[in-house]
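Listed here are the chains, written in short residue letters.
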Amino acid sequence: MSENYIRVEGARVHNLKNVSLEIPRNKLVVFTGLSGSGKSSLAFDTIYAEGQRRYIDTFSSYARQFLGGIERPDVDAIHGLSPVISIEQKTVSKNPRSTVGTITEIYDFLRLLYARASIAYSYNTGKPMVKYSETQIRDLILRDFDNKKIILLAPLIKGRKGHYKELFEQYRKKGFARIRVDGEILDLHETIKLDRYKIHDIELVVDRIAVKDEDKTRIAQSIEQALKLGKGSFLLMEHESDKISHFSRALMCADTGISYSEPEPNLFSFNSPYGACPKCTGIGQITAVEPDMLIPDKSLSIKKGAIAPMKDIKNIWLTEKIINLLEAREYTINTPLSEVAEDHIDEILYGLPQGLTYKSKKGKEKTVQFEGIVNFIERHYGESTQAKFKRWAQSFMNTTTCSSCGGSRLKEEARYFKFDGKAIHELAQMDISQLAEFFDGIEKRLNDDQLKIASALLREIKSRIQFLLDVGLDYLSLDRPAKSLSGGEAQRIRLATQIGTELTNVLYILDEPSIGLHQRDNQRLINSLKSLRDAQNTVLVVEHDKDMILASDYLVDIGPKAGLHGGKIVMSDTPDKLSSAKTLTAKYLNGQLEIEVPDQRRKSTEKLTIHEPRGNNLKIKQVSFPLGIFTCVTGVSGSGKSTLVNETLYPILNQHIYKSVKNPLPYKKISGLEHVDKIIEIDQSPIGRTPRSNPATYTGVFSDIRSLFANLPEAKIRGYKLGRFSFNVKGGRCETCQGAGLRTIEMNFLPDVYVECETCQGKRYNRETLEVRYKGKSINDVLDMSIETAVTFFENSPKIKRKLDTLNAVGLGYLTLGQASTTLSGGEAQRVKLATELSKKSTGKTVYILDEPSTGLHFEDIKMLLAVLQKLVSTGNTVIVIEHNLDIIKVADHIIDIGPEGGRNGGELIFEGTPEELIKNKKSITGKYLKEELCQTKKNNQSL
Ligand code: ADP
Ligand code: ADP
Ligand code: ZN
Ligand code: ZN
């Protein structure tokens, strides 16, 4: 029995209510339930945490002392647990050297392939490089120089400075008679004087000989000697014409003499000094000052702010240098820059390191030496430890593609090894579907030798490419930086990589792998998970997606609601039982509950129109975002939704309203900006990074609560002010934990662990502060109160109640006011932000942008989210969301569909209009799925 099941007994982590359950092994198991019901607490904080703990227990005690102990999760027992691997979304590498190619290891296999089976070409001539053995060299010379007089030259010095007296002496003593210096053959017995500060090329004359077949042996001996003295290569000069040919045992360009060493895999690695482009050190991009940004308006004088960077910081040293420089060139700080000569502007920008001596107005001799504004800024960018200066410097810098490697990150030589006509970086630039085409049938295009070396490697490469295609990532390329991937993309790459490792008997835990994926690609993802299962693994997925739930072998539904109203298993069975079950999930899936489609779509009068957005793959002529209504941007993954909304529209608005630094991706123009006065992006990132922030502080309701406490008679008598009730400043708080209520224990390699403060027992405040009570509760009791309780508790304080009401209205009544923001789920954080927005006075001209707000949300959560969004719209605001979730798409007033496919086959505007119009559109993939969804909803309506 035990080997067929994983048995959890008595789990009590977070809100779990002493839960026990059996999970069948080697099945695809879905955990579902409302956001905050306890899915992650069970899947990650109990099962995965216990797996990790047992894994670390197997390490030597020596290793464990570096890892730190992991506490046992609050669970009685877990039986039948196999090794656990979690495939999360958060673990995206921020390292600029990490790419899709490196994390999938495909690039590593390619490097090996190129080291072993590629053909080298000369970067000077583009012709194949040659490589000869000594016998081949001899035969070539006998053939090509028959009956000619030739001179064999062994290269000693290539392009280096020096007088080389000792060198000449050394070879004269060895009995050599002649030497070729900078193209001229000289007698070694005469004094040779070289300019030691000039660059020289020096070759030793090894032999002068007329090529004849009967002299084979002598020729071979001389070749051997020339190769030895020339360290593997030599030059051949024809006596008559002085024409030079190059020969080498290494890879060599026969025309120009450049040679490559034998390729090793690290030659193709941009993370190795052997392969990296020396200019950008393998990053592919260079961040440097953009001179155009420094002088936006030449009609101004420096005093009036002609040099933009000098307006933003007051640096006395810099100002003095500039004044001196101007004085030296006979200008003043009041001269408009248009009257300053170009050369002199260049001195201001790029400096004059030699210095300049001049007579000042007072007749004194002065010297000014200056590095130039450009270097000044770059120095501060590179060296300054102050964030303020770094930011200042950065605002005048631009990141551009490295001109030396063209963004390929590789040094020149590495880019001239080709496999079936393509260099390695060309393969890295292809999207995965193109790459699959390239490798399709490659075996037929290779010769026998190549095939023998490459076939095993090709198998690995091709199967990994197939896994990426299977998880719907055909539009990515291997050179795509890992840090630019979305969480869902990164997770699916890790999934593809795991399938490639062919492990068995593992428990995989995944958190919403459907995020970022279009409905169309769901089936492929489900198939990948099933193939992981079919390889004898248990696959446990936390998921809300209908298709995934229905495709599972086993379903665990957690609820009935969230937080303290959740934490129980409400269903644990095969999904076919959903039709008769009574849980919220079941009701949504069997049609008893549903998210309703509004009868009418709102119309807008004003709009924002972007003309010719051109970022990444976009090929749109113009696209309009209607204002004052609810718009959904849709399209398959990689079609260009984020490029349009997050990388173009949002930064445009942000620059317009807040003068932010980040540039939008290219576009021609935008109209309608006058109708917007605020832009807010609401994502699922934590509302604060420390346990000190919580829903009460974030929404601002805590200041109101503090002032209520400070106004209590008891507080007045004691002279307690507002600050006394803050846990962020000295005075009223517990000083041991500085008001956190927790002590942080830093763990090497693992996230920080928090334990209750022993001085205040987690109460955050000192005893005196806690003696002040409102309706019998201390300020800390209030922080421990759930929001729904607090609504009633503060019913006589309208200002406080109004803010709490909004939190309650977005379905967060179960959270406590003081729950540390680090423990909120992404969906909870998102709703705290929305609630805060709702409680503000609306300007009616605000644009809200949300990227996949359905992440982590159950049908019921989505219903609440939609209610909040509709409320924001009904007060005149604009809501723009990127979504794949059909329940959200179907209620939008307006849809912008991008596609038709991802990557280079996407980026077009397929459709703009209402959902009803979209489903008539034949070209739209989204339209096809929306049609099914809307028909389904209609059917349900009729049957009710
Ligand atoms: P789900 O994964 O179903 O969205 P979670 O398991 O993340 O839900 O959370 C269940 C409940 O436990 C929620 O009310 C959440 O706020 C709470 N919770 C999560 N992490 C912690 C924590 N570290 N400390 C206290 N409460 C937590
Ligand atoms: P969506 O949001 O619809 O999933 P994206 O806007 O993220 O699509 O991507 C559109 C195209 O642009 C894809 O081909 C993607 O690979 C490419 N792309 C997106 N971000 C970057 C980036 N930082 N660097 C290079 N290409 C990118
Ligand atoms: Zn470069
Ligand atoms: Zn304390």
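Quick note: structure is the one above.
Residues numbered from 1 in each chain as written. Chains lettered and ligands numbered in written order. Predicted model: local features only at pLDDT ≥ 70, side-chain atom pairs only at ≥ 80, totals over all residues. Heavy atoms only, no water.

1. Side note on the site of ligand 2
The full set close to ligand 2 counts 15 residues, and R480, G638, K641, S642 and T643 are the nearest of them. Contact distances for ligand 2 include 3.2 Å between an oxygen atom and a backbone N or O atom of S639. Interatomic distance of 2.7 Å between a side-chain N/O atom of K641 and an oxygen atom of ligand 2. Relative to its unbound accessible area of 560 Å², ligand 2 is 75% covered by the protein chains. Its residues placed into classes, the shell around ligand 2 shows three nonpolar, ten polar and two charged. (Near = heavy atom within 4 Å. Polar contact = N/O pair within 3.5 Å; in protein donor to acceptor, adjacent residues only side chain to side chain. Areas by Shrake-Rupley, 256 points an atom, 1.4 Å probe, with all protein chains shown as cover. Nonpolar A, V, L, I, M, F, W, Y, C, P; charged D, E, K, R; others polar.)

2. Considerations on the site of ligand 1
Around ligand 1, the structure places 16 residues, and the nearest of them are G36, K39, S40, S41 and Q819. A distance of 2.5 Å separates an oxygen atom of ligand 1 from a polar side-chain atom of S41. At a separation of 2.7 Å, an oxygen atom of ligand 1 approaches a polar side-chain atom of Q819. Burial of ligand 1 by the surrounding chains reaches 80%, relative to a free accessible area of 570 Å². If you tally residues by element for the shell around ligand 1, the top one is helix α1 (residues 39-57), at three residues. (Helix = DSSP H or I, 4+ residues; strand = E, 2+ residues; numbered from the N terminus.)

3. Here's the deal with the pattern of salt bridges
Overall, the coordinates contain 50 salt bridges when judged by the stated rule. In this structure, E105 engages R464 in a salt bridge whose closest nitrogen and oxygen atoms are separated by 3.3 Å. Highlighted residues: E105 in the loop between α3 (100-103) and α4 (106-117) and R464 in helix α16 (residues 448-470), separated in sequence by 359 residues. Look at R464 and you get buried, because its relative accessible area is 11%. (Salt bridge = Lys/Arg side-chain N within 4 Å of Asp/Glu carboxyl O. Buried < 20%, exposed > 50% of the residue type's maximum accessible area, 1.4 Å probe, protein only.)

4. What about the coordination of the zinc ion (ligand 3)?
Each angle at a metal carrying four tetrahedral donors should ideally be 109.5 degrees, and each at a metal carrying six octahedral donors should ideally be 90 or 180 degrees. At 2.2 to 2.3 Å from the zinc ion (ligand 3) lie its protein donor atoms, namely C277 (SG), C280 (SG), C402 (SG) and C405 (SG). Here the zinc ion (ligand 3) is ringed by four donor atoms whose angles at the metal span 105 to 113 degrees, and the overall shape comes out tetrahedral. Each donor residue of the zinc ion (ligand 3) lies on one chain, and together they are spaced C-x2-C-x121-C-x2-C. Owing to a relative accessible area of 5%, C280 belongs among the buried residues under this scheme. (Donors = N, O, S within 2.8 Å, 3.2 Å for Na, K, Ca; no water. Tetrahedral: all angles 85-135°; square planar, octahedral: opposite > 155°, others 65-115°.)

5. As for the nonpolar core
Counting 75 residues, the largest nonpolar core has I705, F709 and F794 as its most contacted members. With eight residues, the top contributor of residues to this core is helix α30 (residues 859-874). Aside from chain neighbours lying at most four places away, what touches F709 is A715, F725, V772, R773, Y774, K777, S778, I779 and V782. By size, the runner-up hydrophobic cluster in this structure holds 71 residues, among which are Y114, I442, L458 and L529. (Core = buried A, V, L, I, M, F, W, Y, C linked by side-chain atoms within 4.5 Å. Contact = heavy atoms within 4.5 Å.)

6. Observations concerning the sheet that holds strand β4 (residues 75-79)
Across the sheet, three strands lie side by side as β2-β1-β4; this open sheet has antiparallel pairing. One side of each edge strand has no neighbouring strand; the edge strands of this open sheet are β2 (19-24) and β4. Along the sheet, successive strands turn relative to each other by an average axial angle of 5 degrees, direction set aside. Note: strand β1 (residues 5-11) against β4, four bridges, orientation antiparallel. Its bridge partner lying in β4, E9 is registered against A77. Across the sheet, α1 is in contact with β1, β2 and β4; its angle to β4 comes to roughly 70 degrees. (Pairing = 2+ DSSP bridges. Axes fitted to C-alpha atoms, helices over the stretch in contact; angles between N-to-C directions.)

7. So, the coordination of the zinc ion (ligand 4)
For the zinc ion (ligand 4), the full set of protein donor atoms is C734 (SG), C737 (SG), C757 (SG) and C760 (SG), and the range of their distances to it is 2.2 to 2.4 Å. Classification of the site at the zinc ion (ligand 4) as tetrahedral follows from its four donor atoms and the range of 105 to 115 degrees in their angles at the metal. The motif formed by the donor residues of the zinc ion (ligand 4), counted along the single chain, is C-x2-C-x19-C-x2-C. Of this pair, C737 sits in the loop between α24 (713-718) and β30 (742-745) while C757 sits in the loop between β31 (753-756) and α25 (767-770); the two residues are 20 residues apart in sequence, bridging distant segments of the chain. C757 carries the same exposure label as C737, and that label is buried.

8. What to know about the environment of P598
Within the fold, P598 resides in the loop between α20 (584-589) and β25 (607-611). Here P598 falls in the partly exposed class, since its relative accessible area comes to 27%. Expressed as a C-alpha distance, the spacing of P598 and D449, which sit 149 residues apart in the sequence, is 67 Å. The contact partners of P598, leaving out residues within four places of it in the chain, are K890 and V891.

9. Regarding the sheet that holds strand β34 (residues 894-899)
Overall, mixed pairing links the six strands, which are arranged β29-β32-β33-β27-β34-β35 in an open sheet. Strand pairing shows two members of the sheet lacking a second neighbour, β29 (678-681) and β35 (908-913), which therefore form its edges. Within the sheet, the average angular offset between the axes of one strand and its neighbour, ignoring direction, is 15 degrees. Pairing between strand β27 (residues 630-634) and β34: four bridges, direction parallel. Looking at the pairing, T634 lines up with D897 of β34.

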